[in-house]
Structure formats: structure tokens, C-alpha cells
Amino acid sequence: MDAPLDLPEHLFTAVDHVGIAVPDLDEAIAFYRDTYGMRVVHEETNEEQGVREAMVAVGGTDTCLQLLAPLSPDSTIAKFLERSGPGLQQLAFRVTDVEQVATVLRERGLRLLYDEPRRGTAGSLVNFVHPKDAGGVLVELVQPA
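Residues numbered from 1 in each chain as written. Predicted model: local features only at pLDDT ≥ 70, side-chain atom pairs only at ≥ 80, totals over all residues. Heavy atoms only, no water.

A. Broad picture of the overall build of the protein chain. Tallying secondary structure elements over the protein chain gives three helices and eight strands in all. Along its sequence from the N terminus, the protein chain presents helices and strands in the succession β-α-β-β-β-α-β-α-β-β-β. Whereas a compact globule of 145 residues would reach a radius of gyration of roughly 15 Å, the protein chain reaches 16 Å, a difference of no more than 12%. Expressed along its principal axes, the backbone C-alpha trace of the protein chain runs to roughly 50 × 35 × 25 Å. A total of 145 residues make up the protein chain; the buried ones form 41% of that total. Sequence-distant contacts, at least 24 apart, represent 54% of the contacts inside the protein chain between residues at least 6 apart. Carbon and sulfur atoms make up 52% of the accessible area of the protein chain, which totals about 8200 Å². Within the protein chain, one finds 12 positive and 23 negative side-chain charges whose respective centroids are separated by 4 Å. (Helix = DSSP H or I, 4+ residues; strand = E, 2+ residues; numbered from the N terminus. Rg over C-alpha atoms; globule rule 2.2 N^0.38 Å. Buried < 20%, exposed > 50% of the residue type's maximum accessible area, 1.4 Å probe, protein only. Contact = heavy atoms within 4.5 Å. Areas by Shrake-Rupley, 256 points an atom, 1.4 Å probe, with all protein chains shown as cover. Lys, Arg positive; Asp, Glu negative; His and termini not counted. Charge placed at Lys NZ, Arg CZ, Asp CG, Glu CD.)

Set out below in C-alpha cells:
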């Protein structure tokens, strides 16, 4: 099957970050700072996603770990923590056009969690591939702001 000509050569341009669910963001930041020498490059509260989050840089790269703490007991991250405990929650790939990539993935039979992209970290646009369609991995698509 030939790909349409208007598609980028690669759907993903990089691994953007790995999301880690944590019960307490301040404790997690201190652990990654004091144990691994990582530094926070961005921190915010995202009410829409129900999280308080911090991006911690890995070495001198632009790849980050995203530490995610729930804002309320009914948030997605709180439910994840209740079900699975702290740990890896998602793998995020950087894309140049989240809507275009979502369309291609839907055409390839994958379900996405949102009909339209939503606001992610630092004003990015995001969508997620359903983990049941991605080998048990929650895959995030991130179009940086």
C-alpha cells in the first residue's frame, strides 16, 4: 500500500517524553533531582487533564520525563495510580501535525481517545492512541506549541 504523497516521511519526529504517574509531585521532583541529577525545565497545572506536572530534562538533551500527579481522586492519573501504582504511564512521540498523524493512524485502524486534539504541556496539542490498539502502551502524540 502506497502512502499518500502529502504525508511526512516519518509520522513521529522524536520521542518527546515518557510519562510517569506519581502520587506526590514535589517528592518525585526531589527524587529525580537528588538521585539522578535531573533538573525541572517546565512545571504547570493542567486543569483540563487533571494533573500537576513537571518536565525533567534527561542530560543535555531535549528529551524529558514527565512527572504527573493527580489534582483530584477522579482524574485519569489518580485512577491509574489506584489501578497500577506509581510508574510508567505513557510514551509520547513528537509530531509536526497531530491532526494529520491522528487521521493516518485512524485510517490504519487505531482508535484515538479524542475526536480533536487537546491542550497539553506548555500549550502543545495532544491526542492519545488507545492502549488496546498499541500493544498495551498508552501512546501520546505531541505537537509542540
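B. Region of interest: the pairing of strand β7 (residues 125-129). Most of β7 is tucked away: four of the five residues are buried. The pairing of strand β6 (residues 118-119) with β7 spans two bridges and is classified as antiparallel. Each bridged residue has a counterpart across the sheet, and for Arg118 the counterpart in β7 is Val126. The turn joining β6 and β7, which pair antiparallel and follow one another in sequence, is formed by five residues; a positive phi near 55 degrees is taken by Ala122. One ladder, built from five bridges, connects β7 with strand β8 (residues 139-143); its direction is antiparallel. Paired with Val129 across the strands is Val139, a residue of β8. (Pairing = 2+ DSSP bridges.)

C. Looking closely at helix α1 (residues 25-36). Counted at 1.5 Å a residue, the expected span for α1 with its 12 residues is 16 Å, and the 16 Å between its end C-alpha atoms agrees. Buried residues of α1: Leu25, Ala28, Ile29 and Tyr32, and no others. Take α1 and look down its axis: the buried residues cluster within an arc of 100 degrees, on one side only. Away from the buried face of α1 by more than 90 degrees, exposed residues Glu27 and Asp34 are located. Structurally, α1 contributes buried residues whose contacts are with β1 (14-21), β2 (39-46), β3 (51-57) and β4 (64-70). Among the residues of α1, the N-terminal cap falls to Asp24, whose side-chain oxygen and the backbone nitrogen of Asp26 are separated by 3.0 Å. (Expected span 1.5 Å × (residues − 1). Arc of directions from axis to C-beta. Polar contact = N/O pair within 3.5 Å; in protein donor to acceptor, adjacent residues only side chain to side chain.)

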